[in-house]
Amino acid sequence: MQVSRKAMASLHKILVLLFLLAMPKSHGVEDKVKVSLYYEALCPYCANFIVNQLGKALFQWNLISIVDLNMVPWGNTQFAPNNEWICQHGPDECEIDIVEACAIDLLPQTGLRFKLIECIESLNLQGRHAEWKSCMNSLNIYPNPIMDCYQSRKGVDLELKFADETLKLNPPHRFVPWVIVNNHPLREDYQNFVGYICKAYKGGNKIQACQQHLLDTSSFKEANSSGVCYRNENEHTMPFSYNLQLNT
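This is a predicted model, so every value here is computed, not measured.

A.B. asks: How would you summarise the packing of aromatic side chains if you had to cite specific residues and measurements?
C.D. replies: One pass over the structure, following the stated rule, counts 9 aromatic pairs. Seen from their ring centres, Trp132 and Tyr150 are 5.4 Å apart, and the 75 degrees between their planes marks the pair as edge-to-face. A residue pair is termed long-range when its members are at least 10 positions apart, and Trp132 in the loop between helix H4 (110-125) and helix H5 (134-138) and Tyr150 in helix H6 (residues 144-150) qualify at 18 residues. Just as Trp132 is buried, Tyr150 falls in that class too. Aromatic pair Phe175 and Trp178: ring centres 5.1 Å apart, planes at 70 degrees, arrangement edge-to-face. Pair check on accessibility: Phe175 and Trp178 agree, each one buried. Connected via pairs of aromatic rings, a cluster forms that spans Trp74, Phe79, Trp85 and Phe240.

A.B. asks: Quick rundown of the nonpolar core? Include the residues and the values.
C.D. replies: Counting residues in each nonpolar core, the largest one holds 71 residues, and the members touching the most others are Leu63, Met71, Leu116, Ile146, Val179 and Phe193. The element contributing the most residues to this core is helix H3 (residues 91-106), with 8 residues. Once residues within four sequence positions are removed from consideration, Met71 is found in contact with Leu37, Tyr39, Ile50, Ile104, Phe114, Ile117 and Phe162.

A.B. asks: How would you summarise helix H7 (residues 153-167) if you had to cite specific residues and measurements?
C.D. replies: Spanning 15 residues, H7 covers 21 Å between terminal C-alpha atoms, matching the ideal 21 Å at 1.5 Å per step. For H7, the complete set of buried residues consists of Gly155, Val156, Leu158, Glu159, Phe162, Ala163 and Thr166. All buried residues of H7 project into a common sector of 160 degrees when viewed along the axis, lining one side.

A.B. asks: Lay out the packing of helix H2 (residues 44-60) against H4 with the relevant residues and their values.
C.D. replies: Contact geometry for H2 and H4: axes closest at 9 Å, N-to-C directions at 145 degrees. The handedness of the crossing between H2 and H4 comes out as left-handed. In contact with Pro44, Ala47, Asn48, Ile50, Val51, Asn52, Leu54, Gly55, Leu58 and Phe59 of H2, H4 contributes Thr110, Gly111, Phe114, Ile117, Glu118, Glu121, Ser122, Asn124 and Leu125. When its residues are assigned to classes, the contact of H2 with H4 shows 10 nonpolar, 7 polar and 2 charged.

A.B. asks: So what about the sheet that holds strand S3 (residues 78-80)? Which residues, and what values?
C.D. replies: Spatial strand order, S3-S4-S9: 3 strands in an open sheet with antiparallel pairing. Across the chains shown, the open sheet's two edge strands, defined by having one partner strand only, are S3 and strand S9 (240-241). Summarising the sheet, S3 and strand S4 (residues 84-86) pair through 3 bridges and their orientation is antiparallel. In the strand pairing of S4, Gln78 is matched with Ile86.

So, how was this worked out
- Chains are numbered independently. Their residues run from 1 in the order of the written sequence.
- Per-residue local features are limited, in this predicted model, to residues with pLDDT of at least 70; the limit for side-chain atom pairs, both in listing and counting, is 80 or more; totals at the level of whole chains, interfaces and linings are taken over all residues.
- No hydrogens and no water enter the side-chain calculation; it runs on all heavy atoms of the structure.
- Between the rings of Phe, Tyr and Trp (Trp by its six-membered ring), a pair exists once the centres lie within 6.5 Å; its type follows the angle of the planes, with under 30 degrees stacked, over 60 edge-to-face, and the other angles tilted.
- Put simply, DSSP H or I for four residues or longer makes a helix, DSSP E for two residues or longer makes a strand, and each gets a number counted from the N terminus.
- Each residue's exposure class comes from its accessible area (1.4 Å probe, protein chains only) as a fraction of the maximum for that residue type: buried when under 20%, exposed when over 50%, partly exposed otherwise.
- Residues enter a nonpolar core if they are buried and are Ala, Val, Leu, Ile, Met, Phe, Trp, Tyr or Cys, with the set joined through side-chain atoms within 4.5 Å.
- Residue contacts follow a heavy-atom distance rule, with two residues in contact if any of their heavy atoms lie within 4.5 Å.
- Working rule for helices: expected span equals 1.5 Å times residues minus one.
- For this quantity, the arc is that covered by the directions from the helix axis to the C-beta atoms.
- Only the stretch in contact is used when fitting a helix axis, every axis being a line fitted to C-alpha atoms; angles between N-to-C directions are given from 0 to 180 degrees.
- Crossing handedness is defined as follows: a turn of the near helix away from the far one that is anticlockwise and smaller than a right angle gives a left-handed crossing, while the clockwise case is right-handed.
- Ten residue types, Ala, Val, Leu, Ile, Met, Phe, Trp, Tyr, Cys and Pro, are classed as nonpolar, four, Asp, Glu, Lys and Arg, as charged, and the remainder, Gly among them, as polar.
- Pairing between two strands is assigned when DSSP locates at least 2 bridges connecting them.

From the geometry alone we can't say anything about function, so treat these as descriptive.
Structure (structure tokens):
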């Protein structure tokens, strides 16, 4: 029995449709949950959140596959006259914020970018923040582009961009770490960020952390005393002159 051309065409269309349905679906940026972290160097609660909570959730639990991460290192820094800033934990904080701003701008891979910041913040927790350059060596990152950025107007301009983004927050941040998930500020509940991410995600990527009982953040809370660094509670009043920074 001969099969008509029309029947063959219909069969071909059915086979193509079945093939397309069987193909694994890709999950684009539009499916990802936007997570923004507003923070500052030398705030112990920011460092602890980055090292002991955010990194674990993103890279050990693979939440990075459904997260579009935005890190903003400005925090509670204030502007002062004569092109100066007053960082909550002193001029060293200002300098490391610039370094991390340069890393965010220059390192294209989210994982490598985060690992560098995580390494620096880990040194902060150990009271060894002056050794931040060693992180580039340990991660095999060629240091010159970041150092050039850090010592130039580019680093300052990146920080000013992050300052502008922070100051435009609505509602304004009251402390750091200040975590926002899909435009929803978590405020004091920032340690439950995993649950908020899983609830906000509408894509089809099945994440084990969201399917099982990993949403219990008791282990996170044991590692962190739920502390924050509040605005207007400066530990130091020594200004940081970014004009001087450009001359070093």
